[in-house]
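# Observations on chain architecture
Here is how the chains run, residue by residue.
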Amino acid sequence: MRERPQPLDNWRGHVLGILIESGYVGVLLGAAALIAWAVNLP
Amino acid sequence: MTGAKKRREALLTIGYYAGRIVTGVGLLMLAPVAVALLYGEWNTVVDFLLGLGVALTAGYGLVHLCYAAPRRLTWIHGMVAASFSWLICMVVGALPYYLSGHWGSYLDAMFDVMSGFTTTGMVLVQDLDHLPNGVNMWRHLLTYVGGQGMVVLALTFLIREMAGAYTMYVGEGKDEKLLPNVRHTAQAIWFVSIVYLVVGTLLQWIAGLLIGMPVDRAFFHGMWVFMGAWSTGGFTPQSANILYYHSFLYELVGVFVFIIGSFNFALHWAVWTGNRKEIFRNIEVVSFFVTATLLFALVALGLAKTGLYATPLLMLRKGWYQLISAHTTTGFSTIYARQFAKDWTPLALAGIIFAQLIGGSASSTAGGYKGMRVGIIAKALVEEVRRLVAPPSAVLVTKFHHIRDIVLEDRHVRSAALIIILYTITWLFATAVGSYYGYPFLDSAFEAASVTGNVGLSIGITAPSMPNLLKVVYILVMWVGRLEFMSVFAIAGFLVWEVRGR
């Protein structure tokens, strides 16, 4: 049987995917902000 | 079948598929032609039409010469076709660059094409700030296509025959099937990239408009900067790189794009198709989080000593930005190249060098050791320590998570260690050549890590005036680093087979 790709028109899923991936970057940025704040403590 | 006939058939097969790939890359020159027409850059139109003519002649010529080839690729033929086509595409793609008069020699033009295809981002172009829009379109399109892969492009649009196509896909440094069929995998990679192209260009366009750029200029800069970020390439249309825009928002949008761009396409596909938790569990994401955080601590400590960036926000904007740009192998920078050498301490530079070598995820647009391999070696280390303290009769099982749970086996560790060793040897070799030409050791090590990991950050060595041999070495190192050794070794093995007949 001919295999088919998973549906590409699941826009809600793709938007959620982009938001989840962006959320990860936000967490990474938060961790870096903590370090930057810690090394700049007087 | 006789040995001579076998060798002839192998050459025909490689030539046929390389011809298809060169044709695909040649057709891409229609995009810069369109942009040049829009801006009335007639010289650029002629340069690209000439380039298109040469590319199609070479591509179709190879396809027709080799039409009788068997359409079944063995592993070695697929890998040789992939790596060989990258070399032809470099030679052909450099023609419009050279004709534009902005590159000092054909070697410089080829350097910039290889830098684009491999998503490195080093440049030898002269007077970048006054480059025609058409040429800028070509520079950024090269890096965008190079990030996804030229074989991936050809598999999506030009190559129908499937027998052995997976070997070419692997030959280009990607080894994961998102879907059971390699052609559908290639389509899925392009789907993710094009959706992000639309979203990222829109955001970068808005950021450009907010800093007062004209609508059309903001659009093209937005698209080009997106292409440079997504493909972790590092090209921008201005010589001051991202510093040119003097905009925190512009930098922030770019950071989001290049971190996400450095993710494995299998991870994108998993998250997009419903496996939301994958982003928290995937070994490459965890590995990236840990190494990026540790290395930023190193860079921050190195910079804190200098008092250069007095506030946490400045430290993030300068220190973290360069670190993450290095770690994702993007190469965008918000400081001048010589500031690394003049203002940054060796400790901070060491953080950037390690980040450049580690790189992003496997099967992504990024280069370097890759998070997967670093994660596997870390897991193996932990297992060894557990083995030391466990009773002799204990059976230890270590797993890592990439889309599914995988039991860590010796073959995973051996393969990861081999590639890391090869990358390290390549980096040491490029460092030695830089040092031979009289550049300071730390500068040579920094620049070598940048070309080995396909990063593009420069400490100032890469310039049109650098020795020609060093340019050739850097071209080879970028190519080897991007294709991850095996397909380049396949070329060497194939040549030996051709010469010796076995």
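The written sequence of each chain sets the order in which its residues are numbered from 1. In the order they appear in the text, chains get letters beginning with A and ligands get numbers beginning with 1. Two thresholds apply to this predicted model, a pLDDT of at least 70 for residue-level local features and 80 or more for giving and counting side-chain atom pairs, whereas whole-chain, interface and lining totals are computed over all residues. Remark: hydrogens and water are excluded; side-chain values derive from all non-hydrogen atoms of the structure.

Here the focus is the packing of aromatic side chains. Residue and element names in this part refer to chain B. The pairing test for Phe, Tyr and Trp rings, Trp by its six-membered ring, is centres within 6.5 Å, and the orientation test on the planes gives stacked under 30 degrees, edge-to-face over 60, and tilted for anything in between. Counting across every chain of the model gives 30 aromatic pairs over all chains. When the ring of Phe258 is compared with that of Phe332, the centres are 6.0 Å apart and the planes differ by 75°; the resulting orientation is edge-to-face. Residue Phe258 is located in helix α11 (residues 248-261), and its partner Phe332 is located in the loop between α15 (312-327) and α16 (337-342); the two are separated by 74 residues in the primary sequence. A simple rule labels every residue: compare its accessible area, found with a 1.4 Å probe on the protein chains alone, to the largest value its type can have, and call it buried under 20%, exposed over 50%, or partly exposed in between. Under the relative-accessibility criterion, Phe258 is labelled buried at 0%. Using a relative accessible area of 0% as the deciding quantity, one classes Phe332 as buried. Helix and strand definitions here come from DSSP, where helices need a minimum of 4 consecutive H or I residues and strands a minimum of 2 consecutive E residues; each element is numbered from the N-terminal end.

With that settled, the discussion passes to the packing of helix α5 (residues 106-117) of chain B against helix α21 (residues 468-483) of chain B. Residues and elements named next belong to chain B. For helices, the axis comes from a line fit to the C-alpha atoms of the stretch in contact; other axes are also lines fit to C-alpha atoms, and the angle between any two N-to-C directions lies between 0 and 180 degrees. Close contact between α5 and α21 brings their axes to 10 Å; oriented N to C, the two are set at 20°. For the element pair α5 / α21, the angle class is roughly parallel. In the crossing of α5 with α21, the sense of the turn from one axis to the other is left-handed. Counted together, Leu107, Asp108, Met110, Phe111, Met114, Ser115 and Phe117 of α5 and Asn468, Lys471, Val472, Tyr474, Ile475, Met478, Trp479 and Arg482 of α21 form the full contact between these two elements. Roughly parallel covers angles under 35 degrees, roughly antiparallel covers those over 145, roughly perpendicular covers 65 to 115, and oblique covers all other angles. Left-handed describes a crossing in which the near helix is turned anticlockwise from the far one by less than a right angle; the clockwise case is right-handed. Any two residues whose heavy atoms approach within 4.5 Å at even a single point are treated as in contact.

Moving on to the packing of helix α1 (residues 11-39) of chain A against α11(B). Between α1(A) and α11(B), whose axes approach to 10 Å, the crossing angle comes to 115°. Here α11(B) runs roughly perpendicular to α1(A), going by the angle between their axes. For α1(A) against α11(B), the interelement crossing comes out right-handed. Where α1(A) approaches α11(B), its residues A:Glu21, A:Ser22, A:Tyr24, A:Val25, A:Gly26, A:Leu28 and A:Leu29 are matched on the opposing element by B:Leu252, B:Val255, B:Phe256, B:Ile259 and B:Ile260. When residues are grouped by polarity, Ala, Val, Leu, Ile, Met, Phe, Trp, Tyr, Cys and Pro land in nonpolar, Asp, Glu, Lys and Arg in charged, and all others, Gly among them, in polar. In terms of residue class, the contact of α1(A) with α11(B) is built from 9 nonpolar, 2 polar and 1 charged.

Caution is warranted with low-pLDDT regions, since their predicted coordinates should not be read in detail. pLDDT is a per-residue confidence score from the predictor, ranging from 0 to 100. Scored by pLDDT, chain A comes out at a mean of 81, with 76% of its residues at no less than 70. Predicted confidence is poor over residues 1-5 of chain A, with pLDDT under 50, and the contacts of this stretch with residues over four places away or in other chains come to 6 contacts.

So, on to the nonpolar core. Buried Ala, Val, Leu, Ile, Met, Phe, Trp, Tyr and Cys residues that are joined via side-chain atoms within 4.5 Å together make up what is termed a nonpolar core. Grouped together as the largest cluster of nonpolar side chains are 171 residues, with contacts concentrated most on B:Ile259 and B:Trp344. What B:Ile259 contacts, discounting residues up to four positions off in sequence, is A:Tyr24, A:Val25, A:Leu28, B:Phe288, B:Trp320, B:Ile324 and B:Thr328. Ranked by size, the runner-up nonpolar core spans 9 residues in total, among them B:Ala380, B:Phe400, B:Leu408 and B:Ala416.

Looking now at the side chain of B:Glu484. Among the secondary structure elements, B:Glu484 is positioned in the loop between α21 and α22 (486-500). Identification of polar contacts relies on pairs of N or O atoms within 3.5 Å, with a donor-acceptor requirement for protein atoms, meaning one able to donate a hydrogen and the other able to accept it, and with residues adjacent in sequence counted only if both atoms are side-chain atoms. Here the side chain of B:Glu484 touches B:Arg373 through a polar contact of 3.0 Å, side chain to side chain.

Residue and element names in this part refer to chain B. Expected helix span is computed as 1.5 Å times (number of residues minus one). The terminal C-alpha atoms of α5, which comprises 12 residues, lie 16 Å apart, in line with the 16 Å expected from a rise of 1.5 Å per residue. With 11 of its 12 residues buried, α5 lies for the most part within the structure. Within α5, burial applies to Leu107, Asp108, Ala109, Met110, Phe111, Asp112, Val113, Met114, Ser115, Gly116 and Phe117.

Here we take up the pattern of salt bridges. Residues and elements named next belong to chain B. Just to be clear on terms, a salt bridge is a Lys or Arg side-chain nitrogen sitting within 4 Å of an Asp or Glu carboxyl oxygen. Applying the stated criterion to the full structure yields 9 salt bridges over all chains. Between Glu251 and Arg317 there is a salt bridge, with its nearest N and O atoms 3.0 Å apart. Taken together, the positions of Glu251 in helix α11 and Arg317 in helix α15 put the pair 66 residues apart, joining distant regions of the chain. Assessed through its relative accessible area of 25%, Arg317 is described here as partly exposed. Its salt-bridge partner being Arg338, residue Asp443 comes within 3.4 Å of it at the nearest N-O pair.

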